[in-house]
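# Analysis of the macromolecular model
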Amino acid sequence: MKKLLKTAIISAGLIMSASSFAADYPSKNIRLIVPFGAGGGTDAVGRTLANSAKDVLGTSISVMNRTGGAGAVGMSFGAQQRPDGYTLTVVTREIASLPQMGLMQNTADDFKLIRMVNLDPAVILVPADSPFNTVNDLVAEAKKNPGKVKFASTAAPNFYLMALEQAQDIKLNAVPYNGASEAIPSVLGKHTQVTMVTPGEAIAQLRSGQLKALGVMSKERISYIPDVPTLIEQGMDVTTGTWRGIGAPKDTPDEIIEILGNAFDKAMASAQFKDFMAKGAMTIHPLKAQEFTGFVKQDEKTLSKFIK
Amino acid sequence: MFNRNIFFPSLMILFSIIALVLISQFPEPRYQDAPVGADFFPSVIAVLQIIICSVLIIQYKRSDKATKEKPLISSHAIFGFTLLIGYATLITFVGYLLASLIGFTYYLMYHRIKKPSYYIIAWIFVFAIYFLFSEVFIISLPEGLLFY
Amino acid sequence: MMDYLLTGFASAFSMAVFPVLVFGVLGGVILGALPGLTATMGVAILLPFTFGMDATPALVMLIGVYIGGIYGGSIAAILLKTPGTPASAATVLDGHTMAIKGLAAKALSIAAVASFIGGLISTIVLIAVAPILADFALRFNAPEYFALALFGLTIIASVSAASIWKGLLAGTIGLLVAMVGLDPISSVPRFTFGVMDLYSGINIIPVLIGLFAISEALNQLEKMSSNQQDIPPKFDYKLLSFSDFKKILPTSVKSGLIGTSIGSVPGAGADISAFACYNEAKRVAKNPEEFGKGSMHGLAAAESGNNGVTGGSLVPLLTLGVPGDAVSAVLLGALIVQGLTPGPLLFTQNPEIVYGIFSSMIVANIVMLIIGFLGIRFFCRIIEVPKILMIPIIIFLSIIGAYAINNSMFDVGIAIFFGVLGFILNKMDVPSSPILLAIILGPMAETNLRKSLIMYEGSWSFLYDRPIALAFILFAIFSVYSTVKLKKKQRLAAEKAAI
């Protein structure tokens, strides 16, 4: 009943306002839904981007945290809002993985993707005094003692680890932790031997030398950690990482997507945003709507190999 | 006769049994094999709950049962429940501001308050909170399905 | 080090820093006092505003909100029995009872003093031995967290005033509630019935709001309407006396130290600390039967315990570069945005920032104490607001608070459900605090037990071959033993009195 009423109201609103939509957009405040908690990495990126984009758009963007189900609740909520361009959502890699795992009803197809914001590779980390010095050391040990090397996993299932395991035909003992902020102390305290996080999540420990990076899982080296070789350089063709972007409900008019896309391009090029990302060791990867959509499709395929 | 000291623990035992049935239907995990599964903890708790409730029933049967009882739910409590649920429903439809004004006024009228100062304080409070949240904390309050 | 501290103090009182510090503490007190708004939220909302500020004032403001927020939660807990944050749930036990007796001003002043002592001790310990605490924190992993949670769960017995069995029932209800959602280890949905909003489990804040604020409002509504109103106590503006201060000092100092240690362990926060300190104060008290009936020691322990966490939680942030709780996660972000590297490098690269933070924390605690005392007369006015107006205000604030924590009407439903549940359980003499404790500690116990078993490949040997874990398990056994002994003593005394 409630749903029916909601649909009725939404469609009525659509008909009324469809004609006058794009001309005076944006005429009121925009909401940006962040599917993770206040204070986390996704939240910080969302808030900073909102802060930079508001000057370009000339309207304020209020951030709304809607957490739960590893992002599923917030992203589903965002997909089901009115497609008028006044509700946007930060989409993360979970939009590609969760639906395939049966943990989320909406998929990337329920969004019109506007821009990709950042793409960060995973880095393989061990304590500074670990006997492992290259990824090959790690793989050799894992081959010798299958399932014995203790891996601090930032999520379950861990797609970073699965990419390496499948490519090298190895098996580690993955202990599931709740995010990088738990996995890193576990490795520092030597309760586990190795972990994989993004450069930004471990930049403090990398700079202070508490952790040692064995390799970065990107195509090319990362500017923040220029001394760390890629896995490709070490003879393994494995790349993986995580990404974030901005999406709108799928029926949002193209003109509005266009306006927003241009605004986010400017926001991502702004000094404030670039500075923020550089300090957080995150890599801005501004893909346009079309490329971003293609990228997500590709990633869905990659992930489906791990999700049987 | 309805006796809450028997009824309530029995109800909790029933809940625990339902929980145990639900636990037996948990799907198999696909990604992580663990020595202790997803069903272990809930099962232990449900069984503990059954034991605790049984003890409570036995304890009551052994006691002298002479304690005077307060009525469980009065009509005023029912008013409270309806106010809560009505207010929450109203928020989903008309948003915070209108719902609070209507809810507060209705509440005061229900209690047959005549003093206008009470109504004015109530309305000022509602607007003050609205201002505090939207302007100072920048938290968007519910806007309601009808208006946004 | 002393030089840096002195420069720090000078900068804390400078025109660029002092006003934002006061603003932060005051804002934190207000946020903390409102149900549903937590220190974490306040800090996260303010974060983007710090982008344009210099490093020291930015961090000082955020830390001010944190310190003020934890104290603010206790004002509503004492006066209205509606704890603003889970950290002040233990404050209700004795603080509100004191207020009912007409000792609201005294309770508020004890809370302010105890919070100050807890915060100050915590800061001093942080300055003096942060690296040692960091080493302690790093030794914590799944087995230790499991043992800590197990120990925490034994506190249920000691906060169950009337009947241990009813307290235990409340505990199992809380534990079952905590099981709702995706299982944290293998992502199996449990008791979710396909409802998306339940996948992430039941949020603790709406439960807290329901169990304490809404159920209390319903309770008052019923009392008021049926003319069984509590006789308004003879109001007393007397603050704590010097002899009271001397009495609560040892409890506060000890609780401050316990709070600092708990805070320094990532993942264990002010809520656990407040209950643990309350439990410990009750264990060593000369008159443990006074606890829950307006004991100054109980109030001081809970308040000093939760503010003691403030310094401790910065230990992992400053020494390891990892956040110890949600607030320090935001602080980590703030440091990074300022171009600083949290962790050990900060001490060598930017000592002026580190010691600036330390001295500002001391100043912030002093400001909190002053605001606390200046505010007492004002806060006490809240009690004088007619009940008929106060009740709907509490109800509306509760509902907005439940909504604001996650912008979700679903959470409002949760708060109402637990409000009604708490109201009915109250009538059955089933206490509410164990439900809260169980929801906080249940997932911690389960996740870490299962994590430990994965780490040890199915062996249970972690229960005895890790000293810290073993110590907590022994504490747990001892805690149960002493509660049982105490109850026996009380029963014997009651029987004697009956004869």
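Residues numbered from 1 in each chain as written. Chains lettered and ligands numbered in written order. Predicted model: local features only at pLDDT ≥ 70, side-chain atom pairs only at ≥ 80, totals over all residues. Heavy atoms only, no water.

Counting its regular elements, chain A contains eleven helices and ten strands. On C-alpha atoms alone, chain A measures out to a radius of gyration of 21 Å, which is about the 19 Å that the 2.2 N^0.38 rule sets for 308 residues. Principal-axis analysis of the C-alpha atoms places the extent of chain A at approximately 65 × 45 × 30 Å. Put simply, chain A has 308 residues, and 59% of those count as buried. (Helix = DSSP H or I, 4+ residues; strand = E, 2+ residues; numbered from the N terminus. Rg over C-alpha atoms; globule rule 2.2 N^0.38 Å. Buried < 20%, exposed > 50% of the residue type's maximum accessible area, 1.4 Å probe, protein only.)

The next subject is the packing of helix 6 (residues 104-138) of chain C against helix 12 (residues 296-312) of chain C. Residue and element names in this part refer to chain C. Viewed as axis vectors pointing N to C, helix 6 and helix 12 meet at an angle of 35 degrees, and their least axial separation amounts to 7 Å. Considering how the two elements wind past one another, helix 6 and helix 12 form a crossing that is right-handed. Note on element contacts: helix 12 touches helix 6 through Met296, Leu299, Ala300, Glu303, Ser304, Asn307, Gly308, Val309, Thr310, Gly311 and Gly312, opposite Lys106, Ala107, Ile110, Ala111, Ala114, Ser115, Gly118, Gly119, Ser122 and Leu126. When grouped by side-chain class, the residues that make up the contact of helix 6 with helix 12 number nine nonpolar, ten polar and two charged. (Axes fitted to C-alpha atoms, helices over the stretch in contact; angles between N-to-C directions. Left-handed = near helix turned anticlockwise from the far one by under 90°. Contact = heavy atoms within 4.5 Å. Nonpolar A, V, L, I, M, F, W, Y, C, P; charged D, E, K, R; others polar.)

On to the interface of chain B and chain C, then. Tallying the contact residues gives 64 residues for chain B and 63 residues for chain C. Taken together, the two surfaces of chain B and chain C that pack against each other cover about 5,800 Å², and 85% of this comes from carbon and sulfur. Ranking the residues of chain B by area buried against chain C places Phe8, Phe41 and Leu84 of chain B at the top, with a combined share of 11%. Put simply, chain B and chain C have zero salt bridges between them. Linking chain B with chain C are four residue pairs in polar contact (both at pLDDT 80 or more), by the criterion used here. Here the element with the most residues in the side of chain B that touches chain C is helix 3 (residues 75-110) of chain B; it accounts for 18 residues. Classifying every residue of the side of chain B that touches chain C by side-chain character gives 49 nonpolar, 13 polar and two charged. (Buried area = accessible area lost by both parts, 1.4 Å probe. Salt bridge = Lys/Arg side-chain N within 4 Å of Asp/Glu carboxyl O. Polar contact = N/O pair within 3.5 Å; in protein donor to acceptor, adjacent residues only side chain to side chain.)

Residue and element names in this part refer to chain A. The strand order across the open sheet formed by five strands is 7-6-8-5-9, and the pairing between neighbours is mixed. Edge positions in the open sheet fall to strand 7 (173-176) and strand 9 (211-216), since each of these has one partner strand only. For this sheet, the mean inter-axis angle between neighbouring strands, taken without regard to orientation, is 30 degrees. Where strand 5 (residues 123-127) meets strand 9, five bridges bridge the pair, whose relative direction is antiparallel. (Pairing = 2+ DSSP bridges.)

Let us look at the packing of helix 4 (residues 55-80) of chain C against helix 6 of chain C. Residues and elements named next belong to chain C. Packing of helix 4 against helix 6 leaves a shortest axis separation of 10 Å and a crossing angle of 160 degrees. Viewed along their axes, helix 4 and helix 6 adopt a mutual orientation that is roughly antiparallel. In this structure, helix 4 crosses over helix 6, and the sense of that crossing is right-handed. Residues Tyr71, Ser74, Ile75, Ile78 and Leu79 of helix 4 form the contact with helix 6, whose own contacting residues are Ala104, Ala107, Leu108, Ala111, Ala112 and Ser115. Of the residues in the contact of helix 4 with helix 6, the class split is nine nonpolar, two polar and no charged. (Parallel < 35°, antiparallel > 145°, perpendicular 65-115°, else oblique.)

Turning next to the nonpolar core. Where a protein is soluble and globular, its nonpolar side chains tend to be buried together. One finds Phe104 and Tyr107 of chain B to be the most contacted residues of the largest nonpolar core, which totals 175 residues. If you tally residues by element for this core, the top one is helix 6 of chain C, at 18 residues. Dropping the residues within four chain positions of it, tyrosine 107 of chain B is found in contact with Phe79 and Leu83 of chain B together with Leu221, Met224, Ile388, Ile391 and Pro392 of chain C. Among the nonpolar cores identified, the runner-up in size contains 80 residues, and Val92, Tyr145, Phe212 and Ile473 of chain C belong to it. (Core = buried A, V, L, I, M, F, W, Y, C linked by side-chain atoms within 4.5 Å.)

As a further point, take the sheet that holds strand 2 (residues 61-65) of chain A. Residue and element names in this part refer to chain A. Pairing within the open sheet is mixed, and its five strands lie in the order 2-1-3-10-4. The sheet is open, and its two edges are formed by strand 2 and strand 4 (111-121), each paired on a single side. Geometrically, the sheet is characterised by an average inter-axis angle of 25 degrees between neighbouring strands, direction not taken into account. Here helix 2 (residues 41-57) sits on the sheet in contact with strand 1 (30-34), strand 2, strand 3 (87-92), strand 4 and strand 10 (241-249), set at roughly 165 degrees to strand 2.

Here we take up unusual backbone geometry. Residues and elements named next belong to chain A. A positive phi angle, near 60 degrees, is found at lysine 190, a position not held by glycine. Following the sequence through the fold, lysine 190 ends up in the loop between helix 7 (180-188) and strand 8 (194-197). Owing to a relative accessible area of 51%, lysine 190 belongs among the exposed residues under this scheme. Unusually for a residue other than glycine, alanine 281 sits at a positive phi of about 55 degrees. By the element assignment, alanine 281 lies in the loop between helix 10 (271-279) and helix 11 (289-304). What makes alanine 281 buried here is its relative accessible area of 0%.

All names here are of chain A. Structurally, the position occupied by leucine 206 is in helix 8 (residues 199-208). Leucine 206 gets classed as buried once you look at its relative accessible area, which sits at 18%. Residues leucine 206 and glutamine 166 lie 40 residues apart in sequence; the distance between their C-alpha atoms is 27 Å.

Attention shifts here to the packing of aromatic side chains. Residues and elements named next belong to chain C. Within the structure shown, the criterion is met by 34 aromatic pairs over all chains. Seen from their ring centres, phenylalanine 13 and phenylalanine 18 are 5.4 Å apart, and the 35 degrees between their planes marks the pair as tilted. Phenylalanine 18 gets classed as partly exposed once you look at its relative accessible area, which sits at 28%. Relative to phenylalanine 358, the ring of phenylalanine 347 lies with its centre 6.4 Å away and its plane at 50 degrees, an arrangement referred to as tilted. Taken together, the residues span a long stretch of sequence, with phenylalanine 347 in helix 15 (residues 344-349) and phenylalanine 358 in helix 16 (residues 351-384) at a distance of eleven residues. (Phe/Tyr/Trp six-rings, centres within 6.5 Å; stacked < 30°, edge-to-face > 60°.)

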